[in-house]
Amino acid sequence: MADGIYGLRRLREPALQRLLLILLAVILVAFRGAQFAVFSTQIQWGYDFSAYWMAADNLLNGLPIYAADQLAGPYAPQRQFLYLYPPPLAAAVTPIHLLMPTDYRAAAWIWATIGVLILAIGTFAVARSTGLIERVRAGTGRGPWILIVAAFTFPPVVGELVLGNVHLLLFGLLSMAWLGVRRGDRTGEVIAGVAVGLAAAIKLFPALIILWFLVTGRNRAVRWAIVGGLAAAIGTLPLTSIQPWLDYPAALLNLSAPSDTTDTLAPTVWLAALTGFSAARAVVTGLALALLVWSARTLPTRPSFAVSVLLSVLVAPALYHHYLAILVLPFLLLLPDRRSLPWLAAAYLLMSGGEQTALGDLSWIVNRGFPTVGALILLGVALSTGRCAHISDVDQPGRSTAEGAP
């Protein structure tokens, strides 16, 4: 029936499909660009970056980088200028502070520019490593720009660029780790290990990927992850001094549940409503470790690495919408499995999130519920890829110089 309708029949023409794809890309870029322009003039601009900028200011002036209440007892991880990270990040931001010493909002433009470059380069490099660029070019006649557009129009990425958190930096480091893993040789393991070690020195949750190295027998990567983390700590010690490292364990242990769960996607927070925060954190962490070990032992390299990245994000007890910017990496790793495309598209759309005040008390469904479901769908795709796909569609298990080839 549809074949006899001229308009529907034309939708099967590659030329028209390419035209529609270009039109959709233009609309998305224009819309996300307008969002970015609006938010860059409001309080959200550099909201998270302000904490790193202030911590850098405190380092340069010999002041504590952690607030007194962080060291005194439990505190909620929700307020501007509150620094929650290991000391090396504060040291890394000092050059930006020196360039823009009086206005964190102006300095946030430098940080956002760095994030844009990291996302574009990382997306291209990962897509090329999986053969995705060639597949996109063969299917659409277009090069890697469509993948880069999809990455930049992913709503968590827009939020990340506006707020100025660290997740695009982590995306870059974890992408480098994947490229090292894909090499499948000693140099690759060194690259992967150092990248994950540096990521863990910026924010702790990427350290979960070290367990993936261990379970998959990449012991050299484990050692170099430790070296990378220590190098970040020792290399920044002239700026940080010892005291922040003495304070950081207390600041970490005193971290409690978010006081406002309006934008919180963490499985721990969802479960905490039933079990309490501490019990929920233990359950989610235990389940994440079990899934990581199972996937590392069972799945091919590419999807199992995607699982490790996903779990490292989902296990974080304070997980907000813009954190999902890191998930650009699992998307790129899973896209070569064509049969997962409908599920990946659904996950992408669900993670759009957004405020829907018209829904009133039910706004959480769009704001929190949809993005959480989208992230879990992405995890489900990663866990099933390689179990139900043909070997020609995914990487073969094993350790060789060709490991990770599509």
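Quick note: structure is the one above.
1. Quick notes on a nonpolar patch on the surface
Judged by side-chain polarity, L60, L98 and L239 come together as a nonpolar surface patch covering roughly 260 Å² of accessible area. Relative to the assigned elements, L60 resides in helix α3 (residues 49-60).

2. What to know about unusual backbone geometry
Although it is not a glycine, F81 sits at a positive phi angle of roughly 70°. The topology assignment puts F81 in the loop between α4 (68-72) and α5 (87-99). For S241, which is not glycine, the phi torsion reads 65° and is therefore positive. Following the sequence through the fold, S241 ends up in the loop between α14 (237-240) and α15 (243-253).

3. Examining the pattern of salt bridges
Counted according to the given criterion, the structure contains two salt bridges. With its nearest N and O atoms 2.9 Å apart, the salt bridge here joins D69 to R79. One end of the pair, D69, is in helix α4; the other, R79, is in the loop between α4 and α5, and ten residues separate them in sequence. Given a relative accessible area of 39%, R79 falls into the partly exposed group. With its nearest N and O atoms 3.0 Å apart, the salt bridge here joins D185 to R183.

4. Regarding the packing of helix α12 (residues 208-215) against helix α18 (residues 301-314)
Axis separation between α12 and α18 bottoms out at 8 Å; the angle between their running directions is 150°. With respect to their mutual orientation, α12 and α18 come out roughly antiparallel. In this structure, the crossing between α12 and α18 has a hand that is right-handed. In this structure, α12 uses L208, I209 and W212 to contact α18, whose residues at the interface are T301, S304, F305, S308, V309, L311 and S312. Of the residues contributing to the contact of α12 with α18, the split by class is six nonpolar, four polar and no charged.

5. Some remarks on α12
Inspection of α12 places L208, I209, W212 and F213 among the buried residues, and these make up the whole buried set. Down the axis of α12, the buried set is contained in an arc of 160°. They therefore lie on one face. Residue G217 follows α12 closely and has a positive phi angle near 80°.

6. Brief notes about the packing of aromatic side chains
Evaluated as defined, the whole model comprises 19 aromatic pairs. On the basis of an interplanar angle of 35° and a centroid distance of 5.5 Å, the ring pair of F49 and W111 is categorised as tilted. Highlighted residues: F49 in helix α3 and W111 in helix α6 (residues 104-129), separated in sequence by 62 residues. Ring geometry for Y52 versus Y85: centroids 5.3 Å apart, planes at 70°, classification edge-to-face. Note that Y52 is positioned in helix α3 and Y85 in the loop between α4 and α5, a separation of 33 residues in sequence. Accessibility expressed as a relative area gives 0% for Y52, which makes it buried.

Criteria and cut-off values
Residues numbered from 1 in each chain as written. Predicted model: local features only at pLDDT ≥ 70, side-chain atom pairs only at ≥ 80, totals over all residues. Heavy atoms only, no water. Patch = residues over 30% accessible without salt bridge, like charges linked within 9 Å, V, L, I, M, F, W, Y side chains within 5 Å. Areas by Shrake-Rupley, 256 points an atom, 1.4 Å probe, with all protein chains shown as cover. Salt bridge = Lys/Arg side-chain N within 4 Å of Asp/Glu carboxyl O. Helix = DSSP H or I, 4+ residues; strand = E, 2+ residues; numbered from the N terminus. Buried < 20%, exposed > 50% of the residue type's maximum accessible area, 1.4 Å probe, protein only. Axes fitted to C-alpha atoms, helices over the stretch in contact; angles between N-to-C directions. Parallel < 35°, antiparallel > 145°, perpendicular 65-115°, else oblique. Left-handed = near helix turned anticlockwise from the far one by under 90°. Contact = heavy atoms within 4.5 Å. Nonpolar A, V, L, I, M, F, W, Y, C, P; charged D, E, K, R; others polar. Arc of directions from axis to C-beta. Phe/Tyr/Trp six-rings, centres within 6.5 Å; stacked < 30°, edge-to-face > 60°.

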